[in-house]
Structure formats: C-alpha cells, structure tokens
Amino acid sequence: MSTPVEGSTPVSTGAQTPSGLKTLALPENASTHGPRIDALLGWSHRIEAGLAAIALGWMLIAVWRFRGAKRAASDGGTKRSIAFVLGLALSTFLIVDGTLLVGSEGYLRDVLWNLQVPAEDPRTVRIEINAHQWSWEARYAGEDGRFNTPDDVVTWNDLRVPAGVPVWVQLVSTDVVHGFSLPHFRVKVDAIPGRVNQTWFQAAREGTWEVACYQHCGTSHYRMRGELRALSSEAYAAWLREAGRQALQAYDADDVAAHWGWDWRTP
Ligand SMILES: [Cu+2]
C-alpha cells in the first residue's frame, strides 16, 4: 500500500487495481523510456511462453502417442543417429538463438545499453548520489554549476527533478553495495564503494514516486527508501534557488563528512 508522507503526495509503490489490491503487473510507468523496456519484457515473455508451449506440447504428444509401447532397451544409438541428433540440436540452437541475438541487437543497443547520456543537452540536470546504510544522500551543484562547493544543495531521501528533462545521475556508496532503483522509471544501477556509476532517466510527467534499494544491504535494508518528485521546470528552479541560498548560509567548511562530492565525471 502507498504510505502517505506528511505534506506531500502519496508515493506510488506498485500497480494497483481500483479497489487498492496489488496485482502482478509492473508498477505504472512514469518515464519516457519505460514503454520500450516494458515492450522488450513483454516480447521476451511471449517468446518464452511460445518456446515452453512447443517443448511441453512435444512432450505431451510423445507421452500420449507412445503410452502403450513396450519398453525398449537403449542401444546407445549408432554413430549416424548420434551425429543426426547433435546436428539437429546444434542447427536449432544456431538458427533460433542466432535469430534472436541478431534481432535483439538493435534493442539491446537502444534500450538496455542506452548509456549514452544526453550530455550535450543544456537542460540536463546532474545529481550526485551517495548511498548509505540506510539512506540516499543527493547533491545538486547549485548556481555555480560545480560540485563540492558551498552552494551545493544536499538532500536526504528526497530527490527532486524537473519533469520532461534528462536527469543524469552519478552515484557511489560509503559502505556496502546498494542498488539505486526507480521502479516506476525502470531504472536500476548499483552504488558501489570506490566506484562512480552512472545512469540517466527522464520523468514523463509531474508526480511523486519511490526511490528503492534493491540490494540486500543490511538489517534495515527494507527502510532504505526515498521519494523522487518530478516538478514543473519553474517549481524545480525555484526550489533549487532557495535551497542553494539556505545551503550557503549553513555552509560549514569544518564539517568534513558533508564534503563527499566529486568533480563531475565526463564520459
Ligand atoms: Cu541499500
């Protein structure tokens, strides 16, 4: 069930029927690239169902067709029959799997391996994320556009992005491996100590969704949740300006733990 958070829109946590019951369906999609991921999943499931039906059907037919047959002692096959079966298996494998591999190459490149961040897009919002046991700490560069400077905006379990704009995330972890996941955006990437990973997404509309950890990262892993709010561009800019102003006032050069940001990595 959704957990209403005081003063905000309830976070959507899963696909729900009108009566509020959860279904096995994917959570609603809130990103611009989500439909392609969902279509890929849908087609994979259809192909798997087809293959399973062929294999099971073949087995059932064989059981029915030879149900009264006498048990025959196995002779281990002749060289010719073994070669025939091996040849048949190998050709089936090459034709079926080869076709799938070649056919899905474009999809792999465009959808699953779509790591080409729209870095040239001047609207692209950059966020650094530091995962902890058990929270998400996020850092925005502030007005100067540079990270780890006094006007950086730092939030806890509270990601804010403008809707309809690419969001480029670079992330690490301070302790163990965490899994940064936006289920409603079909985004999953590991947060690993000592390594900067990256991903990007784009919210299709305004709203509030869940940020989850999908690696079992310790006893309170289940509590490692945050909110992602997709705002209008104006609301986002206003929030960032005000938060940056407050950050400047609260800046403490001696607070070493607060200075975990890094120079933005360019690919
Ligand atoms: Cu975690």
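Details of the structure are given in the entry above.
Now for a description of the structure that goes with this document.

Each value, and the rule that gives it
- Residue numbering note: each chain is counted from 1, following its sequence as written.
- The predicted origin of the model limits local features to residues at a pLDDT of at least 70 and limits the giving and counting of side-chain atom pairs to 80 or more, whereas totals for whole chains, interfaces and linings rest on all residues.
- By convention in this description, side-chain values take in all heavy atoms of the structure and omit both hydrogens and water.
- Put simply, DSSP H or I for four residues or longer makes a helix, DSSP E for two residues or longer makes a strand, and each gets a number counted from the N terminus.
- The buried label applies to any residue whose accessible area, calculated with a 1.4 Å probe on protein chains only, is under 20% of its type's maximum; exposed applies above 50%, and partly exposed to all values in between.
- Residue contacts are defined here by distance: any two heavy atoms, one from each residue, within 4.5 Å place the two residues in contact.
- Metal coordination here is assigned from N, O and S atoms located within 2.8 Å of the ion, or within 3.2 Å for Na, K and Ca; omission of water means that sites may look incomplete.
- Site shape is set this way: if four donors have all angles between 85 and 135 degrees, tetrahedral; if opposite donors are over 155 degrees apart and all others between 65 and 115, square planar for four donors and octahedral for six; otherwise irregular.
- Aromatic contacts are taken between Phe, Tyr and Trp rings whose centres are within 6.5 Å, Trp giving its six-membered ring; a plane angle under 30 degrees counts as stacked, one over 60 as edge-to-face, and the others as tilted.
- Comment: the charge-over-ring label is applied if NZ (Lys) or CZ (Arg) is within 6 Å of the ring centre and within 35 degrees of the ring normal.

The next subject is the overall build of the protein. Counting its regular elements, the protein contains three helices and 10 strands. Counting from the amino terminus, helix and strand elements in the protein follow one another as α-α-β-β-β-β-β-β-β-β-β-β-α. For the protein, the residues scored as buried account for 35% of the 267 residues in total. Pairs at least 24 apart in sequence give 65% of the contacts found in the protein among residues at least 6 apart.

Here the copper ion is held by the protein donor atoms His178 (ND1), Cys213 (SG), Cys217 (SG) and Met224 (SD), which lie 2.1 to 2.5 Å from it. One way to put it: the four donor atoms around the copper ion meet at angles of 89 to 128 degrees, and that makes the site tetrahedral. Counting gaps between the donor residues of the copper ion yields the pattern H-x34-C-x3-C-x6-M. Here Cys213 lies in strand S9 (residues 207-213) and His178 lies in strand S6 (residues 178-182), a separation of 35 residues in the sequence.

With respect to the helices and strands, Ala243 occurs in helix H3 (residues 233-250). We classify Ala243 as buried; its relative accessible area is 17%. Put simply, Ala243 and Thr155 are 88 residues apart on the chain and 9.5 Å apart in space, counted from C-alpha to C-alpha.

With an omega of 10 degrees, the peptide bond between Gln133 and Trp134 qualifies as cis. If you trace the backbone, Trp134 turns up in the loop between strand S1 (125-132) and strand S2 (135-140). In this structure, Asn148 is a non-glycine residue whose phi angle is positive, near 65 degrees. Residue placement: Asn148 occurs in the loop between S2 and strand S3 (153-156). The residue Arg186 is not glycine, and still its phi comes out positive at about 55 degrees.

What follows is about the packing of aromatic side chains. Given two aromatic rings, one states the distance between the centres and the angle between the planes to describe the pair. Taken as a whole and judged by the stated rule, the model has nine aromatic pairs. Their ring planes at 70 degrees and their centres at 5.4 Å tell us that Phe185 and Phe201 sit as a pair that is edge-to-face. Separated by 16 residues along the polypeptide, Phe185 in the loop between S6 and strand S7 (187-191) and Phe201 in strand S8 (residues 197-202) bring together distant segments of the chain. Neither residue differs from the other here; Phe185 and Phe201 are each classed as buried. Clustering of aromatic rings is evident, with ring pairs tying together Tyr140, Tyr236 and Trp239. The ring of Trp260 carries Arg139 above its face, with NZ or CZ at 4.5 Å from the centroid.

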